[in-house]
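Observations on the model geometry
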Amino acid sequence: MAKTLLETGMSRGDIIDHLSELKHNDIRWAEGRAPIFVFKADDDISTTAREAFNLYFTENALGAHRAFPSIQQMEKDIVAIGLSLFHAPSGGTGYFTTGGSESIICAMKAARNWSRERRGDPQFRGNFVLPDTAHPAFTKGGDMMDMEVRRVPVGPDYRADPAAIEAAIDKDTIMIVGSAPCFPYGVIDPIDELGEVAQRHDLWLHVDACVGGYLAPFVKELGRDVPTFDFQVPGVTSISADLHKFGYTPKPASTVFYRDPDKAGHQMFKYDVWANGMYATAGIAGTRPGGGVAGAWATLHALGRDGYLRVNARLMDLVDRYKQGIEAIPGLRIVGKPHLSIISLTSDEVDMLQAGERMRQFGWLPGFINRPKGMHLMLSRIHEPACDPWLKDLRTCVERQRAAASEPGAKVQVVY
Ligand SMILES: *Cc1c(COP(=O)(O)O)cnc(C)c1O
């Protein structure tokens, strides 16, 4: 491909041919060969969402208030659905964002600005206390806003340790955090106990339900053990939940919710002395794709409660099949007791980073965890056709790794 802009443009056919060719080296995600990055409810839903996305291909959600009332209405509907799903009290409010990282960083900024106002100190730089397993987006937020992020070890069950969190709090702490679930192990932190800590110290508790928010309510309704993580817990102040993960919507789509509208208001950015006049956004992004909003609205409405129950019942059966298959391989065990569709696995006998790296030779993208050394899966129905072949290849790789461990210098290079 030319390294400068072409003198004359290519035809549509050539462009599509070229891109299709370029895609050849990508992971075959549609066969379930990527354990992260992509999600699916079912094919009909994807088709509907794609059509809705394309209907808003050109519209800009930045202009929702001034030019595109339809986008404003869809965002309102989406936020209302989330508020009811997470049992927000009346007055609860929220925003549509472009992703989990944005939802998290926006909640951190709202908490910081709220705390500055409360302390009467517009320069105040406090700290955030979180379990070690919380998503890197919190550290990214701390980096961007030059604020301290304290990470605290989790308990032996890989869930946040409320006593350790409480011990790390000081007079400058603004927010504590729990995940529902955390990304590394898929376990839901004890949000009820974290809520008590938050209330005792008059702190903001943010629940990061980015990966599980739109899955957990349905898995609970299906009768599985899912700890309460939402606004039903009195101490919960804000919640982030990604639509573009287990809401099964197209990217980019996430949501952030607040119990209290005053606190939510601190998320807004307003600049009213610009040459163009007033500029205001709730999120980090300015221009945003209208398609992301329309795709999310379409998916939520196409599935409905019974759709999410149907899809997620099949998903959780698939998760059980993966778990049983993993535990049937000698030397392997599941890390902790995952609540939803993330599973991590490890071994006391075999180096699972090395074994995982071998999976690449069979066309799988391996997912990893570092503590303990192991492998990571985030399953959706995209992985249905992959279950048996993945388990078969995993068994082979574990056996080969076990045999290779006795030969010096037989290490494979692990790439994260
Ligand atoms: C994915 C994820 C995020 C970040 O979301 P992005 O949409 O990738 O920005 C945050 N927290 C958890 C627990 C996640 O799984």
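For the structure itself, consult the block above.
Everything in this summary refers to the structure shown in the same document. Computed from a predicted model, the values in this text were never measured in an experiment.

The number of helices and strands found in the chain is 12 helices and 13 strands. The C-alpha atoms of the chain give a radius of gyration of 23 Å, which matches the 22 Å a tight globule of 416 residues would have. Counting only C-alpha atoms and orienting by the principal axes, one finds that the chain spans roughly 65 × 65 × 45 Å. When the 416 residues of the chain are sorted by exposure, 51% land in the buried category.

The strand order β1-β7-β6-β5-β4-β2-β3 describes an open sheet built from seven strands, whose pairing is mixed. Each of the sheet's edge strands pairs with one partner strand only, and the pair in question is β1 (93–97) and β3 (148–152). Adjacent strand axes in the sheet meet at a mean angle of 20° when their direction is disregarded. As judged from the four bridges shared by strand β5 (residues 204–208) and strand β6 (residues 236–242), these two strands associate in the parallel manner. Residue D208 lies in a different strand from β6, and its bridge partner there is S240. The strands touched by helix α4 (residues 100–119) within the sheet are β1, β2 (127–131), β3, β4 (173–179), β5, β6 and β7 (254–258), with β7 carrying the most contacts at an inclination of about 25°. Its contacts with the sheet put helix α7 (residues 191–201) on β4, β5 and β6, and the angle it makes with β4 is roughly 170°.

Consider a sheet: its strands pair through backbone hydrogen bonds, and that pairing is either parallel or antiparallel. Read from one edge of the open sheet, four strands run β10-β11-β13-β12, paired in antiparallel fashion. Both edges of this open sheet fall to β10 (332–334) and β12 (368–369), since each of them pairs with a single strand only. Pairing geometry for β12 and strand β13 (residues 374–378), over two bridges, is antiparallel. Considered in β13, the bridge of I369 is made with G374. Against the sheet, helix α12 (residues 387–404) engages β10, β11 (342–347) and β13, with an angle of about 175° to β13.

What follows covers the site of the ligand. Taken together, 13 residues form the shell around the ligand, and within it G100, S101, D208, H244 and K245 come nearest. The contact in question runs from a nitrogen atom of the ligand to an N or O atom on the side chain of D208, over 2.6 Å. Calculation on the ligand without its partners gives an accessible area of 380 Å², and the protein chains cover 85% of this total. Taken atom by atom, the bulk of the ligand overlaps the largest pocket.

Within the fold, G283 resides in the loop between β9 (277–281) and α10 (290–327). Between the C-alpha atoms of G283 and C106, which are 177 residues apart in sequence, the distance is 6.4 Å. Those residues in contact with G283, other than ones at most four positions away along the chain, are E102, C106 and Q267.

Direction vectors running N to C along α4 and helix α5 (residues 136–145) enclose 50°, while the axes themselves pass 9 Å from each other. Taken together, the axis directions place α4 and α5 in an arrangement best described as oblique. Crossing geometry of α4 relative to α5 is assigned as right-handed. Where α4 approaches α5, its residues S101, I104, I105, M108, K109 and R112 are matched on the opposing element by A137, F138, K140, G141, G142, M144 and M145. Here the residues of the contact of α4 with α5 are counted per class, giving seven nonpolar, three polar and three charged.

Glancing now at the packing of aromatic side chains. Under the criterion given, the structure shown has 13 aromatic pairs. Arranged with centres 5.9 Å apart and planes meeting at 80°, the rings of F246 and Y248 form a pair that is edge-to-face. With relative accessibility at 1%, the residue F246 sits in the buried group. An angle of 85° between the planes, with centres 5.9 Å apart, marks the rings of W274 and Y279 as edge-to-face. The rings of F39, F218, F246, Y248 and Y308 are connected pair by pair, giving a single aromatic cluster. Here the guanidinium or amino end of R33 rests over the ring plane of W364, the centre of that ring lying 4.0 Å away.

The rules behind each value
Residues numbered from 1 in each chain as written. Predicted model: local features only at pLDDT ≥ 70, side-chain atom pairs only at ≥ 80, totals over all residues. Heavy atoms only, no water. Helix = DSSP H or I, 4+ residues; strand = E, 2+ residues; numbered from the N terminus. Rg over C-alpha atoms; globule rule 2.2 N^0.38 Å. Buried < 20%, exposed > 50% of the residue type's maximum accessible area, 1.4 Å probe, protein only. Pairing = 2+ DSSP bridges. Axes fitted to C-alpha atoms, helices over the stretch in contact; angles between N-to-C directions. Contact = heavy atoms within 4.5 Å. Near = heavy atom within 4 Å. Polar contact = N/O pair within 3.5 Å; in protein donor to acceptor, adjacent residues only side chain to side chain. Areas by Shrake-Rupley, 256 points an atom, 1.4 Å probe, with all protein chains shown as cover. 1 Å grid on protein atoms, 1.4 Å probe; cavity = no way out; pocket = protein on both sides within 12 Å on 5 of 7 lines; lining within 4 Å. Sits in = over half its atoms within 2 Å of the grid points. Parallel < 35°, antiparallel > 145°, perpendicular 65-115°, else oblique. Left-handed = near helix turned anticlockwise from the far one by under 90°. Nonpolar A, V, L, I, M, F, W, Y, C, P; charged D, E, K, R; others polar. Phe/Tyr/Trp six-rings, centres within 6.5 Å; stacked < 30°, edge-to-face > 60°. Lys NZ or Arg CZ within 6 Å of the ring centre and 35° of its normal.

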